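Structural characterization, general
Take a look at the letters that make up each chain.
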Amino acid sequence: MDCVKASDQCLREQSCSTKYRTLRQCVAGKESNFSRAAGLEAKDECKSAMEALKQKSLYNCRCKRGMKREKNCLRIYWSMYQSLQGNDLLEESPYEPVNSRLMDIFRLAPIPVISKGNNCLDAAKACNLNDTCKKYRSAYITPCTYSVSNEICNKRKCHKALRQFFDKVPPKHSYGMLFCSCRDTACTERRRQTIVPACSYEDREKPNCLNLQDICKTNYICRSRLADFFTNCQPESLSVSSCLKENYADCLLAYSGLIGTVMTPNYLNYNNLSVAPWCDCSSSGNDIEECLKFLNFFQDNSCLKSAIQAFGNGTDVNVWQPFLPVQTTTALTTTAYRSKTYESDNSNNEIPTNNDLPACANIKVRNNLCRPGSATSHGS
């Protein structure tokens, strides 16, 4: 059940409604702050309300990306999962699992890797031949482009239009432009320019990545899209696909969902598939290691790179399913929520480059990959 419906259902039940209202009072005074309830006396009551709500459908609610009341749905979700007791609750994706709904995007990849032309140019042409793609592409080009009379673009409108483009346009076309395979500089430059980086991505100065993350977490959409990216693009060196969840489609969906937020990523150069948000780790002080882990999750993410390559090759990992469902609440760890109003221990909330899982714990044993002495290799 989505969180809006679950909330309405809860408010119609007196026992659920009472606990839910208590919980909402426990959570922040200011909605944009995600601040924490103050005072020791309130903690027991808040904890009691949360424990009671764990038995209700509201506790397991999720949202759909691009849904009509997405922000309201996400506000309800985070009010449920906001840390109230100083614990290290991990931030999982608030979005419904996509399952295999998007797997066909690989088999339908419109630009084959064997093409000798400019695949990204061909993808743009294909977009213009599709009414939906053309409509939403035009809708973001206008606010994302500098006008003659105004040298400053409207970044807020640009971001909103970009989010609509990737939420509304079929992946076959939007991904064709964003993940097109390239063999020369002209193609890679067009790919890098897909999101009009001069407006949507770049800025005069690069903020510290952890500061940018803090800003992201004050916005329900950005916080949710970032959690979705951490959940679905988690690398795993022991996996055949390089992804913990063995699902390229979900990773690409999560990555594209970041575009149009303050955490908007883009390609860094013409030579490889490294991406990053507009930030760096200068002025990190004692948080330098945490900052580099955050940045490297983008720049050196073997799962994301493999997913992009798979789309360009027209291949997928539908045959690579986990032997057992991966419990991301224990396997996935993300950077600690660094709000100044929190005092929780963040020692177990860092983003790892790999997970400490036993060999072949999350993939089917096939082709002798997991026998002693064998090695699994994959490109990034």
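An unreviewed UniProt entry annotates the protein as GDNF family receptor alpha 1 originating from Pseudonaja textilis. Database annotation for the protein, UniProt heading Subcellular location (unreviewed entry): "Cell membrane".

For the rest of this paragraph, the subject is the pattern of salt bridges. The tally for this structure, following the rule as stated, stands at 9 salt bridges. Between K54 and E51 there is a salt bridge; the shortest N-O distance is 3.2 Å. What makes K54 partly exposed here is its relative accessible area of 33%. On the basis of relative accessible area, E51 is assigned to the partly exposed category, the value being 38%.

For E246, the position within the fold is in the loop between α13 (220-232) and α14 (248-258). A relative accessible area of 0% places E246 in the buried class. Here the side chain of E246 touches S239 through a polar contact of 2.9 Å, side chain to side chain.

Compared with the 18 Å implied by 1.5 Å per residue over 13 residues, the 18 Å span of α13 between its first and last C-alpha is a close match. Residue N219 occupies the N-cap position of α13, its side-chain oxygen lying 2.9 Å from the main-chain nitrogen of I221.

The next thing to look at is the packing of helix α7 (residues 131-144) against helix α8 (residues 155-168). For the pair α7 and α8, the least separation of the axes is 8 Å and the interaxial angle reads 165°. Comparing the axis directions of α7 and α8 gives the class roughly antiparallel. As for the relative orientation of α7 and α8, their crossing is left-handed in sense. On α8, the residues touching T132, C133, Y136, R137, A139, Y140, P143 and C144 of α7 are K157, C158, A161, L162, Q164, F165 and K168.

A few words on the state of the cysteines. Overall, the coordinates contain 13 disulfides when judged by the stated rule. Residue pairing for C120: its cysteine sulfur links by disulfide to C180, the two sulfurs lying 1.9 Å apart. Disulfide C120-C180: torsion about the S-S bond near 100°, hence right-handed. Highlighted residues: C120 in helix α6 (residues 119-128) and C180 in the loop between α9 (171-178) and α10 (185-192), separated in sequence by 60 residues. Of the residues examined, C120 reaches a relative accessible area of 2% and is grouped as buried.

Let's shift gears to the packing of aromatic side chains. Under the counting rule described, the total for this entry stands at 15 aromatic pairs. Taking 6.3 Å as the distance between ring centres and 40° as the angle between the ring planes, the aromatic pair formed by F229 and F230 counts as tilted. Exposure remark for F229: the relative accessible area of 0% places this residue in the buried category. Ring centres 4.8 Å apart and planes at 25° place the aromatic pair F229 and F298 in the stacked group. One end of the pair, F229, is in helix α13; the other, F298, is in helix α15 (residues 288-299), and 69 residues separate them in sequence.

With that settled, the discussion passes to unusual backbone geometry. Working note: non-glycine residues mostly have negative phi, and peptide bonds are mostly trans. Residue V196 is not a glycine yet carries a positive backbone phi of 55°. By secondary structure assignment, the location of V196 is in the loop between α10 and α11 (197-200). Residue classification places V196 among the buried residues on the basis of a relative accessible area of 16%. Not every positive phi belongs to a glycine, and S242 is a case in point at roughly 80°.

As a further point, take helix α4 (residues 70-81). Given a rise of 1.5 Å per residue, 12 residues ought to cover 16 Å, and the 16 Å separating the end C-alpha atoms of α4 matches this to within 8%. α4 sits mainly inside the fold: 9 of its 12 residues count as buried. All of the buried residues along α4 are E70, C73, L74, I76, Y77, W78, S79, M80 and Y81.

Calculation rules
Residues numbered from 1 in each chain as written. Predicted model: local features only at pLDDT ≥ 70, side-chain atom pairs only at ≥ 80, totals over all residues. Heavy atoms only, no water. UniProt positions renumbered as here; feature names shortened; annotations may be inferred. Salt bridge = Lys/Arg side-chain N within 4 Å of Asp/Glu carboxyl O. Buried < 20%, exposed > 50% of the residue type's maximum accessible area, 1.4 Å probe, protein only. Helix = DSSP H or I, 4+ residues; strand = E, 2+ residues; numbered from the N terminus. Polar contact = N/O pair within 3.5 Å; in protein donor to acceptor, adjacent residues only side chain to side chain. Expected span 1.5 Å × (residues − 1). Axes fitted to C-alpha atoms, helices over the stretch in contact; angles between N-to-C directions. Parallel < 35°, antiparallel > 145°, perpendicular 65-115°, else oblique. Left-handed = near helix turned anticlockwise from the far one by under 90°. Contact = heavy atoms within 4.5 Å. Disulfide = S-S within 2.5 Å. Phe/Tyr/Trp six-rings, centres within 6.5 Å; stacked < 30°, edge-to-face > 60°.

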